Amino acid sequence: MTHTAPQSRRNEPDHYDVPAHHGSYPTFALLIEQGVVVPLPRPEDERADPLKGVRSAQTYRLAPGVLPVVTGDRHLTLAGQSIQADLYRLPAHAYAALVEASPDHRAPLCLDVAFTLAREPDVNVCDVRLVLEQSAAHAPRHLDAPHLVPSTLPLKSSWLPEDTLLHMTPGGHWFVTLTFRTTWLTRPLPTERGRVALDLGLFPLTTAVHEDGRVQVFHSTPLTLPDRAGLSRAAQLLHDQIVYANGRQDAEQVTGYLFMHASTVIAEQLRIPNMDRGYVHRSRDHALLDHHHAALPQALNAARIPLYRLPAGYTSTECPHDTCRHVSPANRHGSRFICVRCGFTTDAHVVAGMNLLRRHERTARRHVRR
Ligand SMILES: [Zn+2]
């Protein structure tokens, strides 16, 4: 994938892939055998594929008349068969829409209390443990409003249950793809917006470099949580959900910032080879990877802000100084950039953003000349 034009998916609904649990893999085989789900042919050419980004060896859609019933944050049924999948791993607006459209959804009580507590700076970890264990000990209930998803973005989603897909990766892992129609609520556009390049990462979360030289750095909110291994199994699952929600909330701040300040967003193509890798990451990294891969591009699409993904390569080892441009790994000293030829010094994440802006400008000029 080396195209640099923004992905044109203007009128496509949003698709989010959530991983299914290994224990449900045999159920997928049964659903296929029974014809509850049927193979969905995909075009050879990715550009012609409305499911861009969904990497799979085989995709299945629901047979006519089959609709998923969501019964929990990790649980849904298809034609009465139970499937476990991490349904809470959605952007806040999509998760809220899923819960609101699911009268059978049950969630643990007080998870929002544990979440708020864990984000407070001076909280006693024993208090967080107590709320988590109590929350895990009680039977889940139907909630009036979804928990853990404070509405921070001007996005409104509706869930399209009939467009639910299943897919299996080349590595044999199963994902449930949930589909949403998302609209952007901010009108008119904020003024004074410009091109913004993003260095997407984990530490720091994101560095945003504006074409006028301004830099905004986003960090993760620290959590106070008890050691996962010391919790009951049920509380461990809630622990993971809190960590995920925390990462999501931090990541969505970046999206909110871009809505206000960006006319165009430029980022590196992500080099995470496929989604199977997600299994080795912990919940917080899950949230950030889900955000970088799926939530951010689709939120920008809803807001009609073009996103350009440029090929990675030397973005953080090339000197961004106009008259120098010296490329050397020796320019990098951890998070510092010090050019060995001209001495230009700054943060390495800022260098990556500056180089992305320049490369985008060059690409744009080339397109104009054609
Ligand atoms: Zn230099």
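Remember, predicted model here, so these are calculated numbers, not experimental data.

Draft legend 1. Quick peek at the confidence of the model for the protein. For the protein, the mean per-residue pLDDT works out to 88, and 89% of the residues sit at or above 70. Here helix α7 (residues 348-369) is the element of the protein with the lowest mean pLDDT, 85, and strand β5 (residues 75-78) is the one with the highest, 98. Overall, residues 1-7 carries pLDDT values under 50, and its contacts beyond four positions in sequence, including any with other chains, amount to 9 contacts.

Draft legend 2. Molecular detail of the pairing of strand β6 (residues 81-84). In this sheet, β6 lies alongside β5 in antiparallel orientation, the contact comprising 4 bridges. Bridge assignment links H75 to a residue of β6, and that residue is Q84. Between the antiparallel neighbours β5 and β6 lie 2 residues, among them A79 with a positive phi of about 50°.

Draft legend 3. Molecular detail of the pairing of strand β3 (residues 58-62). Relative to β3, strand β2 (residues 37-39) runs antiparallel, the two being bridged by 3 bridges. In the sheet register, P39 faces β3, and the bridge partner there is Y60.

Draft legend 4. A look at the sheet that holds strand β15 (residues 332-333). If you walk across this open sheet you meet the 3 strands as β15-β16-β17, and the pairing is antiparallel. Two strands bound the open sheet, and with one partner strand each, they are β15 and β17 (345-347). Note that strand β16 (residues 336-338) and β17 share 3 bridges and pair antiparallel. Paired with F337 across the two strands is T346, which belongs to β17.

Draft legend 5. Representation of helix α6 (residues 283-302) within the structure. Most pronounced at H291, the bend in α6 amounts to some 50°. Across the 20 residues that make up α6, a large majority, 18, are buried. The first or second residue beyond α6 is R304, which carries a positive phi of 60°.

Draft legend 6. Representation of the packing of helix α3 (residues 111-119) against helix α4 (residues 125-137). Between α3 and α4, the least distance of the axes is 9 Å, while the angle of their chain directions is 165°. On the basis of their axis angle, the class for α3 and α4 is roughly antiparallel. The handedness of the crossing between α3 and α4 is left-handed. Between α3, through L111, V113, A114, L117 and A118, and α4, the contact on the second element is made entirely by D127, V128, V131, L132 and S135. Broken down by class, the residue content of the contact of α3 with α4 amounts to 8 nonpolar, 1 polar and 1 charged.

Draft legend 7. Structural view of the nonpolar core. Membership of the largest hydrophobic core comes to 85 residues, with the highest contact counts inside it found for Y95, L98, A114 and V265. Here this core gets 10 residues from one element, more than from any other, and that element is helix α5 (residues 233-261). Viewed by domain, this core spans two of them, domain 1 (14-312) and domain 2 (313-370), each represented by three or more residues. Leaving out residues up to four positions away in the same chain, A114 has contacts with V128, V131, L132, S135, L238 and I242.

Draft legend 8. Structural context of the packing of α3 against α5. Contact geometry for α3 and α5: axes closest at 10 Å, N-to-C directions at 60°. Taken as axis vectors, α3 and α5 run oblique relative to one another. Between α3 and α5 lies a crossing of right-handed hand. Contacts between α3 and α5 involve L111, A114, F115, A118 and R119 from the former and L238, Q241, I242, A245 and N246 from the latter.

Draft legend 9. Looking closely at unusual backbone geometry. Despite not being glycine, L148 shows a phi value in the positive range, around 65°. Following the sequence through the fold, L148 ends up in the loop between α4 and β7 (155-159). The exposure class assigned to L148 is buried, which follows from the 22 C-beta atoms found within 10 Å. The phi dihedral of R304 is positive, around 60°, even though this residue is not glycine.

Draft legend 10. Seen up close, the sheet that holds strand β12 (residues 215-218). Sheet architecture is open: 5 strands sit in the order β12-β11-β10-β13-β14, paired in mixed fashion. Two strands close off the open sheet at either side, each with one partner strand: β12 and β14 (307-310). With strand direction ignored, the average angle separating the axes of adjacent strands in the sheet is 20°. Together, β10 (194-200), β11 (206-210), β12 and β13 (262-268) form the strand contacts of α5, whose direction differs from that of β12 by roughly 160°.

Thresholds, definitions, all that
Residues numbered from 1 in each chain as written. Predicted model: local features only at pLDDT ≥ 70, side-chain atom pairs only at ≥ 80, totals over all residues. pLDDT = per-residue confidence, 0-100. Helix = DSSP H or I, 4+ residues; strand = E, 2+ residues; numbered from the N terminus. Contact = placed C-beta atoms within 7 Å. Pairing = 2+ DSSP bridges. Bend = angle between axes of the 7 residues up to and from the residue. Buried ≥ 20, exposed ≤ 12 C-beta atoms within 10 Å, placed from the backbone. Axes fitted to C-alpha atoms, helices over the stretch in contact; angles between N-to-C directions. Parallel < 35°, antiparallel > 145°, perpendicular 65-115°, else oblique. Left-handed = near helix turned anticlockwise from the far one by under 90°. Nonpolar A, V, L, I, M, F, W, Y, C, P; charged D, E, K, R; others polar. Core = buried A, V, L, I, M, F, W, Y, C linked by C-beta atoms within 7 Å. Domains from an automatic or database assignment.

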